[in-house]
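# Tertiary structure, described
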Amino acid sequence: MKSKNMLRFLLRRFLFLLVTYIVATTIVFILPRAIPGNPLAQLLANLSQVAQANPEAIRAAEKTLMEQFGVGKPVVVQYFEFVGRALRGDLGTSITYYPRKVLDLIIPVIPWTLILLLPATLVAWWFGNMLGAIAAYKRNTWIDKWVLTSSMIISQIPYYWLGMLFIFLFGVKLGWLPVQGAYSQGTIPSFSLSFFLDALKHYIMPFASIVISAMGGWAIGMRVMVVNELGSDYALFSEYLGMSEKRIFKYAFKNSILPQITGLALSLGGVLGGALITEIVFNYPGTGYLLFKALTTLDFPMIQGVFIILIASIYLANFIMDFMYALIDPRIRLGQGE
């Protein structure tokens, strides 16, 4: 019976996520085409220079590009061609970097995005939750007031503004750290110590700007949930029975951390989208910076490719968390079985 309820719950969640994924990818397909402008204009202008104003060569190139990118076809036809290629793992050819494939451009930048955002998200989540829990445990003391006030201020600071402040202070004024890129120009990425140290210098400011700005939100959320748990019936009853304050706090912390784990899973699922503005500010070669360049040049295949990978990773993280919750809390799967 338990296994049937679990399978029924997972099947329902999978079908729901599949439908929402189809809707999301459809929106991603439609929105770039709603932007006015010809995505092939710049590419044709570059080809016309190469063709040295040869009208026949330009017309032939334009016809080939129109056929390859499906421009001019009905939107419905373009959509089903897009879905068919995506199911085969073909995200198309980039307009900006023609004739390179979208997937060949996205794959090399994913490691840089993961290296930046995975540790930053985990560190911000850990320290934010610890600070929030400590503030709740020491509520109505100077520690609680300090953590709450500083967290509220930090959470309202945009991470990109913090990044620009770091660039001005530590990069321009003090000259301690480089202000752009993931490594120095002319450096070839390798597994050497010198490259690691060089990349680390470029890594510190974008990493710190993301961690500091994200910590505040996690701390506020954790403090609120722990305080609510400490004021619940079971916590008050345990206090009346003479249970120690630390033990009650442990139970309250365990119950409060579950929603934060869900938030962490969604945050980790979205890391492949990159930290768009941070990557722009620091000229960091991640998926966010690649998406920005695609948006500015109306590179439809690139925009679609980045968002398809991003949406898929978010939905996968959501599905995994649903599965974990169903294992941890039997009420979820039993409720789905009713």
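First, a word on scope: everything that follows refers to the structure included in this document. Here the residue numbers are simple positions, counted from 1 along each chain's written sequence. For a predicted model such as this one, the threshold for reporting local features is a pLDDT of at least 70, and the threshold for listing and counting side-chain atom pairs is 80 or more; totals across whole chains, interfaces and linings nevertheless cover every residue. The side-chain quantities take in all heavy atoms of the structure and omit both hydrogens and water.

Geometry of aromatic contacts follows a simple scheme: Phe, Tyr and Trp rings, the Trp one being its six-membered ring, pair when their centres are within 6.5 Å, and the pair is stacked under 30 degrees between planes, edge-to-face over 60, tilted otherwise. Under the defined criterion, the tally for this structure stands at 11 aromatic pairs. Between Trp-112 and Tyr-183, the ring centres sit 5.5 Å apart and the planes meet at 40°, which makes this aromatic pair tilted. Of this pair, Trp-112 sits in helix 5 (residues 102-137) while Tyr-183 sits in the loop between helix 7 (159-173) and helix 8 (193-230), placing them 71 residues apart in sequence. Remark: exposure states derive from per-residue accessible area (1.4 Å probe, protein chains only) relative to the maximum for the residue type, with buried under 20%, exposed over 50%, and partly exposed in between. For Trp-112, a relative accessible area of 18% translates into the label buried. Residue class for Tyr-183 comes out partly exposed when judged on its relative accessible area of 27%. Through successive ring pairs, a cluster of aromatic residues spans Trp-112, Tyr-183, Phe-195 and Tyr-284. Numbering of helices and strands starts at the N terminus; helices are DSSP runs of H or I of at least 4 residues and strands are runs of E of at least 2.

The next point concerns unusual backbone geometry. The general pattern is negative phi for most residues beyond glycine and trans for most peptide bonds. In the Ramachandran plot, Asn-140 falls in the positive-phi region, its phi being about 70° despite a non-glycine side chain. Tracing the sequence through the fold places Asn-140 in the loop between helix 5 and helix 6 (142-155). Accessibility expressed as a relative area gives 67% for Asn-140, which makes it exposed. The phi dihedral of Asn-283 is positive, around 50°, even though this residue is not glycine. Relative to the helices and strands, Asn-283 resides in the loop between helix 11 (276-281) and helix 12 (287-296).

Further remarks concern the environment of Asp-144. The topology assignment puts Asp-144 in helix 6. A relative accessible area of 3% places Asp-144 in the buried class. Residues Asp-144 and Gly-132, 12 residues apart in the sequence, show an inter-C-alpha distance of 8.4 Å. Excluding anything up to four places from it in sequence, Asp-144 contacts Ala-135, Lys-138, Arg-139 and Arg-223. Here a polar contact means two N or O atoms within 3.5 Å. Within protein one must be a hydrogen donor candidate and the other an acceptor candidate, and residues neighboring in sequence count only if both atoms are side-chain atoms. Of the polar contacts made by the side chain of Asp-144, one reaches the backbone nitrogen of Asn-140; its length is 2.9 Å. Throughout, a contact is declared for two residues whenever any of their heavy atoms are within 4.5 Å.

It is worth stressing that arrangement in space is one thing and function is another; only the former is reported here.
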